[in-house]
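Single-letter residue listing:
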Amino acid sequence: MYSEYSLAGNSVVSRVVKFPLFSVEWILTEHACYNQSAVIVPLYDTLGPHACSFIINQAEIKYVICDKEEKAKSLLEKRDDTPCLKHIIVVNGFSNETKELATEKGVQLNTLKEIEELGAKDPADVLPPKPEDIATVCYTSGTTGDPKGVMLTHANIIIDASAVIQQLGEYAPNKDDVMMSFLPLAHMLERLCEVTVYINGGSLGFFGGDVRTLMDDLKALRPTIMPAVPRLLNRIYDKVIAGANSSLFKKFIFKLAMRMKRSELEKLIIRNNSIWDRVVFKPVREGMGGRIRLLVSGSAPLAGNVLTFIRCALGCVVVEGYGQTECVAPCTLNIQGDYSVGHVGPPISCCHIKLVDVPEMEYYAKDKKGEICVKGLNVFKSYFKDDQKTKETIDEDGWLHTGDIGMWLPNGSLKIVDRRKHIFKLAQGEYIAPEKIENIYLSSQYVSQIFVHGESLQSCLVAIIVPDKEVLSAWCKVKGIEGTWEEICRNKAVKELILNDITNLGKKAGLKSFEQVKDIYVHSGMFTVDNELLTPTLKTKRPDCKKCFMDVIDSMYRLMG
């Protein structure tokens, strides 16, 4: 790093904000900042102008590193709202117009190449951080209100990574591994996975930035390790199921192959060279590069049938974990050899987990059910400049209250069963945890996204559902239903199909009558980060969804009387 921009040595350690880049430059700038004991503040460009200004001001950001000129220009246009911003470094260069705007706004503008050249001529002395120093302030995107800055130390991150490596045992990353990086680089799950690879001398490859061409990137890189989110795995599953259901013969062969591979899993046999792998599952495996030996699923619950399918189809170790940014990433992880589904494994070795009573939802620790609380060396220090929210989240004994409801299974694994934070009451006083219901309904092959809504003045639930286009289109073709995608979504037969399917899934999962939705609206457009219905970590922004669909929701309640 160029000595003029050495960031440490002040009474207050400087903080550097970084717009996520899907490239090696993100990693280089991250470690250059660690070289100077600077604190990284990753910033999602999809957070919106208000949230970005809030973060820059609260964290008193002076330096911003971003990949594109448009992002730099956006920051400069909001310069009056962020008086502390002094310097922007752009990876991919900028125009004279943007340079003039920066001069006008009193902000220094450089390319990353210029900083690298200056650093080569006048390098700064290394100022390595101590374990207890803050490494990053991760602003959780938040489904409500302003984002909260989670302060994580270098010790937090290394301890959590080491515990994950220990839990993975012989399947942990090694020097011959190649990991595909495609999750947001501001996401702690992605960063934690990268750290486990670096520690063991592995390599990292980046996808091209367009999720639509991710499969092409996988074929080119041929990774051996990959962190993934349920959204991707669900789409792979739905596509294979749609293909299998296209004929009775294909359906028979697929079910037979799944039964044979599942029997091998139960015998602790993991392989991808059986007759079923060559005949049935090879396209799935080759579509992901053909070399994956370890896949880690996180960020959201993964349906058991999808998890079993991925294990069978890829013939590799697939583990699921549970955690939050407040405890770096995972605090539990599946143990290899346990190929059952419906749980997230036992605690990893760096933390303790206990369950505490939630009387209003009738969950009690004596029944091995309750709110999940975490304590250990991976738990965050505090929320940045927010003592009140810190006290609400970490109790006086140091336990992090996650807001999730868990249940201990006989084998010591943890099962996530509910969510405390977004519960509400219906008119008769029944408590509703919408995310639990959504996770059950998402196992429907026809459902891609869902938002379950209820109110204290109403006696039942309704839902907005975005159907899976590929699966639903195949069903419509068989039934002779034609029209545009918008017309298909308005079709009464389609609505009835989806409502009946999710109702049956709810019954099988043990939902009570008042937990079942009584009406749905089939929406043709996806919830996305761009339309502000999803957070950058792809969680539903409940207040925004309610506001967006309020007219539809009111109409459903009005028609039900």
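All residue numbers refer to positions counted from 1 along the written sequence of the respective chain. Only residues with pLDDT of 70 or above have their local features reported here, since the model is predicted, and side-chain atom pairs are shown and tallied only from 80 upward, although totals for entire chains, interfaces and linings are computed over all residues. Excluding hydrogens and water, the side-chain values take into account all heavy atoms of the structure.

As annotated in an unreviewed UniProt entry, the chain carries the name Long-chain-fatty-acid--CoA ligase and comes from Araneus ventricosus. UniProt positions are given in the numbering used here, feature names are shortened, and annotations may be inferred rather than shown by experiment. The UniProt entry for the chain carries the following text under Function (unreviewed entry): "Catalyzes the conversion of long-chain fatty acids to their active form acyl-CoAs for both synthesis of cellular lipids, and degradation via beta-oxidation."

### Description of the overall build of the chain
Put simply, DSSP H or I for four residues or longer makes a helix, DSSP E for two residues or longer makes a strand, and each gets a number counted from the N terminus. A tally of helices and strands in the chain yields 19 helices and 22 strands. The globule rule is 2.2 Å times the number of residues to the power 0.38, and the radius of gyration it is compared with is taken over C-alpha atoms. In terms of overall dimensions, the chain is globule-like: its C-alpha atoms have a radius of gyration of 24 Å, near the 24 Å expected for 561 residues. Counting the 561 residues in the chain, one finds 53% classified as buried. For the chain, the proportion of contacts with a sequence separation of at least 24, taken over those separated by at least 6, is 65%. A total accessible area of about 25,600 Å² is found for the chain, and carbon and sulfur atoms account for 52% of it. This count recognises Lys and Arg as positive and Asp and Glu as negative, with His and chain-terminal groups excluded. A single reference atom marks each charge: NZ on Lys, CZ on Arg, CG on Asp, CD on Glu. For the chain, the distance from the average site of its 68 positive side-chain charges to the average site of its 70 negative ones is 6 Å. The classification of residues rests on relative accessible area computed with a 1.4 Å probe and restricted to protein chains. Under 20% of the type maximum is buried, over 50% is exposed, and intermediate values are partly exposed. Residues count as neighbours in contact if any of their non-hydrogen atoms are within 4.5 Å of one another. Here the open area of atoms and residues is found with the Shrake-Rupley method and a 1.4 Å probe, where only the protein chains shown may cover a residue.

### Focus on the sheet that holds strand 22 (residues 517–522)
Reading across the sheet, the 3 strands line up as 20-21-22 and stay open at both edges, with mixed pairing between neighbours. The open sheet is flanked by strand 20 (447–453) and strand 22, the only strands paired with a single partner. When the angles between neighbouring strand axes are averaged without regard to direction, this sheet yields 25°. The rule for pairing is simple: two strands pair if DSSP sees at least two bridges between them. Bridging between strand 20 and strand 21 (residues 461–467) involves 6 bridges; their strand directions are antiparallel. When the sheet's bridge partners are listed, Val-447 is paired in strand 21 with Pro-467. Of the strands in this sheet, strand 20, strand 21 and strand 22 are in contact with helix 14 (residues 434–441), which crosses strand 20 at around 155°. Lines are fitted to the C-alpha atoms to define the axes, a helix being fitted only along its stretch in contact, and any angle between axes, read from their N-to-C directions, falls within 0 to 180 degrees. Along the sheet face, helix 17 (residues 492–508) touches strand 20, strand 21 and strand 22 and points at about 140° away from the line of strand 22.

### Re the pattern of salt bridges
The rule for a salt bridge is simple: a side-chain nitrogen of Lys or Arg has to be within 4 Å of a carboxyl oxygen of Asp or Glu. As enumerated under the stated definition, the model contains 16 salt bridges in all. Across the pair Arg-191 and Glu-30 runs a salt bridge, and its minimum N-O distance is 3.3 Å. In this pair, Arg-191 sits in helix 7 (residues 188–199) while Glu-30 sits in helix 1 (residues 24–35), placing the two residues 161 residues apart along the sequence. Glu-30 carries the same exposure label as Arg-191, and that label is buried. In this structure, the salt-bridge partner of Arg-212 is Asp-210, at a minimum N-O distance of 3.1 Å. The exposure class assigned to Arg-212 is exposed, which follows from its relative accessible area of 73%. According to the relative accessible area criterion, Asp-210 is partly exposed, its value standing at 26%.

### Considering the packing of helix 9 (residues 230–244) against helix 10 (residues 248–266)
Geometry of a packed helix pair, given as the angle between the helix axes and the separation of the axes. Where helix 9 contacts helix 10, the two axes come as close as 7 Å, and the packing angle between them is 130°. For the element pair helix 9 / helix 10, the angle class is oblique. Together, Val-240, Ile-241, Gly-243 and Ala-244 of helix 9 and Lys-250, Lys-251 and Phe-254 of helix 10 make up the contact between the two elements. Under the scheme applied here, ten amino acids are nonpolar (Ala, Val, Leu, Ile, Met, Phe, Trp, Tyr, Cys and Pro), four are charged (Asp, Glu, Lys and Arg), and all others, including Gly, are polar. Residue composition of the contact of helix 9 with helix 10, by class: 4 nonpolar, 1 polar and 2 charged. Oblique is the label for any angle not under 35 degrees, not over 145, and not in the 65 to 115 range, which are roughly parallel, roughly antiparallel and roughly perpendicular in turn.

### Overview of the pairing of strand 15 (residues 369–376)
Note that strand 14 (residues 351–356) and strand 15 share 6 bridges and pair antiparallel. When the sheet's bridge partners are listed, His-352 is paired in strand 15 with Lys-375. Where strand 15 meets strand 16 (residues 400–408), 5 bridges bridge the pair, whose relative direction is antiparallel. Opposite Gly-370, over in strand 16, you have Gly-406 as the bridge partner.

### Describing helix 7
Each residue after the first adds 1.5 Å to the expected span of a helix. Between the first and last C-alpha of helix 7 there are 16 Å, a value that for 12 residues agrees with the 16 Å anticipated at 1.5 Å per step. In terms of burial, helix 7 is largely enclosed, as 10 of its 12 residues are buried. All buried positions along helix 7 are accounted for by Met-188, Leu-189, Glu-190, Arg-191, Leu-192, Cys-193, Glu-194, Val-195, Thr-196 and Val-197. One or two positions beyond helix 7, positive phi appears at Gly-201, with a value near 80°.

### Structural notes on the packing of aromatic side chains
Only centres within 6.5 Å qualify two rings of Phe, Tyr or Trp (six-membered ring in Trp) as a pair; their planes then separate them into stacked at under 30 degrees, edge-to-face at over 60, and tilted for everything else. Tallying each qualifying case throughout the model produces 6 aromatic pairs. Consider the rings of Phe-182 and Phe-207, whose centres lie 6.3 Å apart with planes at 80°: the pair is edge-to-face. One end of the pair, Phe-182, is in the loop between strand 8 (178–181) and helix 7; the other, Phe-207, is in the loop between strand 9 (203–206) and helix 8 (214–221), with 25 residues separating them in the sequence. We note that Phe-182, like Phe-207, is buried. Measuring from ring centre to ring centre gives 6.2 Å for Phe-254 and Phe-309, while their planes differ by 45°; the resulting arrangement is tilted.

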